[in-house]
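Examination of the molecular architecture
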2 protein chains.
Amino acid sequence: MNISEKINLTDTTPEERSPEDRSMAIRESLRNAIIDRRLAPGTKLSESEVGSLFDVSRTVARAALQMLAFEGLVKTERNRGAFVSNPSPEEARQIFASRRLIEPGIVAAAVERITPEDIAEFRRQLNEEERYMNERGPAARRAEIKASGDFHLMLASVAGNVILQRFMDELVARSSLVIALYGRSGVSSCGHSEHTAVLDALEKGDGERAAKLMIHHIDHIEADLDLQVKQGLGLKDALSLG
Amino acid sequence: MNISEKINLTDTTPEERSPEDRSMAIRESLRNAIIDRRLAPGTKLSESEVGSLFDVSRTVARAALQMLAFEGLVKTERNRGAFVSNPSPEEARQIFASRRLIEPGIVAAAVERITPEDIAEFRRQLNEEERYMNERGPAARRAEIKASGDFHLMLASVAGNVILQRFMDELVARSSLVIALYGRSGVSSCGHSEHTAVLDALEKGDGERAAKLMIHHIDHIEADLDLQVKQGLGLKDALSLG
DNA sequence: AATGTCAAGATTGCATACGATTTGCCCAAA
DNA sequence: TTTGGGCAAATCGTATGCAATCTTGACATT
């Protein structure tokens, strides 16, 4: 099995291709591939394969995989390799529980700092979302998931707390994985209007309302998932998770 | 300058010295040294030095330093090396803002799951805290900071959300650094009684009250810090921090 | 005295080599 | 046919070597 065609090697923009760590670029590229579901959960990412794909040595490939492991996007098994994470329903629940905790706070911080320019930027982003929403096909759906995540990330950026921003980075990435895994197909489209509603409340300076809307939004996302005990796939999972 | 005497090479318990990643053990050891302030902020941690200290190659030492960089406990500069983080007051504020967001949620989750055994364990921990509190000297003070952090970590563990647990791990570690840097000496002792109060509320199953107490506790910790613009030290800092 | 230039030393960035561990296959024996 | 053992391939874990980059100190120049 060859993963090469699944990865877009030019994900990183030229100017971001800094003279610095190539491992960072590789991480980004793999991250995007994973959260777009171009790399399915369980896919093996061997050091040598990743290395030769990006034309670097195992050392730097390894560094990228270590970072992804730290973020929870891949899991490594000793002497076996790294695999794209296959989050369990329990993990999924914890991810959303974390988001329910953090995002209202982010909204509350954002309402204090958001500028008209930010609002305009958000509107652009929401248009993009809508565009993908109206398209059909798996590519558009992936783009929609990504765009939807970007909304939350932009919010975190506006809130101005770099630590929470990093937490959200991780949570959104893992959420994308979870949605791709457990999402029921049709319903994610309702997310867009909820984003709009949150933004409207923010624009009016009504942080209370924005936070409430955000919680409902997260609830809806989670409610759209099918988090029953995993059918079939793994007895290993059944055992390891009790 | 030699950092060897600052690091306790036997920090990790024998059974935790798993046949696995030695870099993990090194990370733990350095982490402890940093949050105890045996390694002062700004201290350089060169790969070869760390490597020879723990008797491993630079490769392994490097992996440990990368993990610490990911956690925000060290900062790496390209082609220069890794340095123990020197968190700015702004960073400190963001750390505590994050904690104010997350910890009430952890308390709320913990109250649902805490067992009598957990309570007993907490009481033991609080006794330990008290012991250090009554001792004098910098060593006792460091131990007190560490014990105080452990209380919050135990709470996160009881809450049962591994993601939040990891976030708290990072936040508590960085808080320790911040407290050591900006803490006014005398006042941290009030923390102990607040921990006790939180635990009492938890034992009674009063999650509301426990969460409120926790927020106040965090407020008090932050209020005890001196987060004014850093006096004197650096024009370099003044520039880089705006 | 202050500043600019340059070379030596130190340190990281990266690649590669070798050893250890695991996996999977093949074949023999029941 | 099934089970068990052993060997080969693959992969990771680690050490080390070389090149690139940065710092530092000395020295010359203004």
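A brief structural summary. (Residues numbered from 1 in each chain as written. Chains lettered and ligands numbered in written order. Predicted model: local features only at pLDDT ≥ 70, side-chain atom pairs only at ≥ 80, totals over all residues. Heavy atoms only, no water.)

Section: helix α6 (residues 138-159) of chain B
- Helix length check: α6 of chain B (22 residues) gives 32 Å between terminal C-alpha atoms against 32 Å at 1.5 Å per residue, within 8%.
- After α6 of chain B finishes, the residue Gly-160 of chain B shows a positive phi value of roughly 85 degrees. (Helix = DSSP H or I, 4+ residues; strand = E, 2+ residues; numbered from the N terminus. Expected span 1.5 Å × (residues − 1).)

Points about the nonpolar core
- Counting 81 residues, the largest nonpolar core has Ile-102 and Leu-155 of chain A together with Ile-102 and Leu-155 of chain B as the members making the most contacts within it.
- When sequence neighbours within four positions are dropped, the list of residues in contact with Leu-155 of chain A reads Ile-106, Val-107, Ala-110, Phe-122, Leu-202 and Met-214 of chain A. (Core = buried A, V, L, I, M, F, W, Y, C linked by side-chain atoms within 4.5 Å. Buried < 20%, exposed > 50% of the residue type's maximum accessible area, 1.4 Å probe, protein only. Contact = heavy atoms within 4.5 Å.)

Some details on the protein's contact with DNA strand D
- Residues in close proximity to DNA strand D total 18 residues, the closest being Arg-58 and Arg-62 of chain A together with Arg-22, Ser-57 and Thr-59 of chain B.
- Across the atoms of DNA strand D situated within 4 Å of the protein, the share located in sugar and phosphate is 74%.
- Glu-47 of chain A is positioned with one of its backbone polar atoms (N or O) 3.2 Å from a phosphate oxygen of DNA strand D.
- In this structure, Asn-79 of chain B approaches DNA strand D through a side-chain N or O atom, which is 3.4 Å from a sugar or linking oxygen.
- Elements represented by at least two residues in the surface near DNA strand D include exactly α2 (47-54) and α3 (58-71) of chain A together with α3 (58-71) of chain B.
- Here the surface near DNA strand D gets three residues from one element, more than from any other, and that element is α3 of chain B.
- Classifying every residue of the surface near DNA strand D gives two nonpolar, seven polar and nine charged. (Near = heavy atom within 4 Å. Polar contact = N/O pair within 3.5 Å; in protein donor to acceptor, adjacent residues only side chain to side chain. Nonpolar A, V, L, I, M, F, W, Y, C, P; charged D, E, K, R; others polar.)

Examining the protein's contact with DNA strand C
- What surrounds DNA strand C is a group of 18 residues, the closest being Arg-22, Ser-57 and Thr-59 of chain A together with Glu-47 and Arg-62 of chain B.
- Backbone atoms, meaning sugar plus phosphate, form 70% of the atoms of DNA strand C positioned within 4 Å of the protein.
- Between Ser-57 of chain A and DNA strand C, the recorded distance is 2.7 Å, taken from a side-chain N or O atom to a phosphate oxygen.
- When residues of the surface near DNA strand C are traced back to their parent elements, those giving at least two are α3 of chain A together with α2 (47-54) and α3 of chain B.

Description of the relation of the copies chain B and chain A
- You can overlay chain B on chain A at an RMSD of 0.1 Å; the transform is a turn of 180 degrees with a shift of 0.0 Å along its axis. Read as a symmetry element, the transformation amounts to a two-fold axis.
- Interface overlap between copies is the fraction of interface residues in one copy that are interface residues in the other; for chain B against chain A it reaches 100%, indicating a shared surface. (Least-squares fit on C-alpha atoms with pLDDT ≥ 70 in both.)

Some words on the interface of chain B and chain A
- Taken together, the contacts link 29 residues of chain B with 29 residues of chain A.
- Summed over both sides, the interface of chain B with chain A buries roughly 2300 Å², with 61% coming from carbon and sulfur.
- Taken together, the links from chain B to chain A amount to two salt bridges.
- Measuring nitrogen to oxygen at the nearest pair gives 2.2 Å for the salt bridge that ties Arg-166 of chain A to Glu-170 of chain B.
- Secondary structure elements with two or more residues in the side of chain B that touches chain A: α3, α4 (89-113) and α7 (162-182) of chain B.
- It is α4 of chain B that contributes the most residues to the side of chain B that touches chain A, nine residues altogether.
- Considered class by class, the residues forming the side of chain B that touches chain A number 14 nonpolar, six polar and nine charged. (Buried area = accessible area lost by both parts, 1.4 Å probe. Salt bridge = Lys/Arg side-chain N within 4 Å of Asp/Glu carboxyl O.)

What to know about the sheet that holds strand β1 (residues 44-45) of chain A
Residue and element names in this part refer to chain A.
- On the basis of which strands lie adjacent, the open sheet formed by three strands has the order β1-β3-β2 and antiparallel pairing. Each having just a single partner strand, β1 and β2 (74-77) make up the two edges of the open sheet.
- Inspection of the sheet shows β1 paired to strand β3 (residues 81-84) by two bridges, in the antiparallel sense. From the neighbouring strand, Lys-44 faces β3, where its bridge partner is Phe-83.
- In this fold α3 packs onto β1, β2 and β3, with an angle of close to 115 degrees to the strand it touches most, β2. (Pairing = 2+ DSSP bridges. Axes fitted to C-alpha atoms, helices over the stretch in contact; angles between N-to-C directions.)

A look at the pairing of strand β3 (residues 81-84) of chain B
- Sheet topology note: the strand β2 (residues 74-77) of chain B/β3 of chain B ladder contains four bridges and is antiparallel. Paired with Val-74 of chain B across the strands is Val-84 of chain B, a residue of β3 of chain B.

So, the packing of aromatic side chains
- Scanning all chains against the criterion turns up four aromatic pairs over all chains.
- Centroid distance Phe-70 of chain A to Phe-70 of chain B: 5.2 Å. Interplanar angle 45 degrees. Geometry classified as tilted. Taken together, the positions of Phe-70 of chain A in helix α3 and Phe-70 of chain B in helix α3 put the pair across two chains.
- Between Phe-122 of chain B and Phe-151 of chain B the ring centres are 5.5 Å apart and the planes differ by 70 degrees, which places this aromatic pair in the edge-to-face class. With Phe-122 of chain B in helix α5 (residues 116-134) and Phe-151 of chain B in helix α6, the pair connects residues that are 29 residues apart, well separated along the chain.
- Under the relative-accessibility criterion, Phe-151 of chain B is labelled buried at 0%.
- Positioned over the ring face of Tyr-132 of chain A is Arg-131 of chain A, at 4.9 Å from the centre of the ring. (Phe/Tyr/Trp six-rings, centres within 6.5 Å; stacked < 30°, edge-to-face > 60°. Lys NZ or Arg CZ within 6 Å of the ring centre and 35° of its normal.)

Limitation: the analysis is restricted to geometry and does not speak to function.
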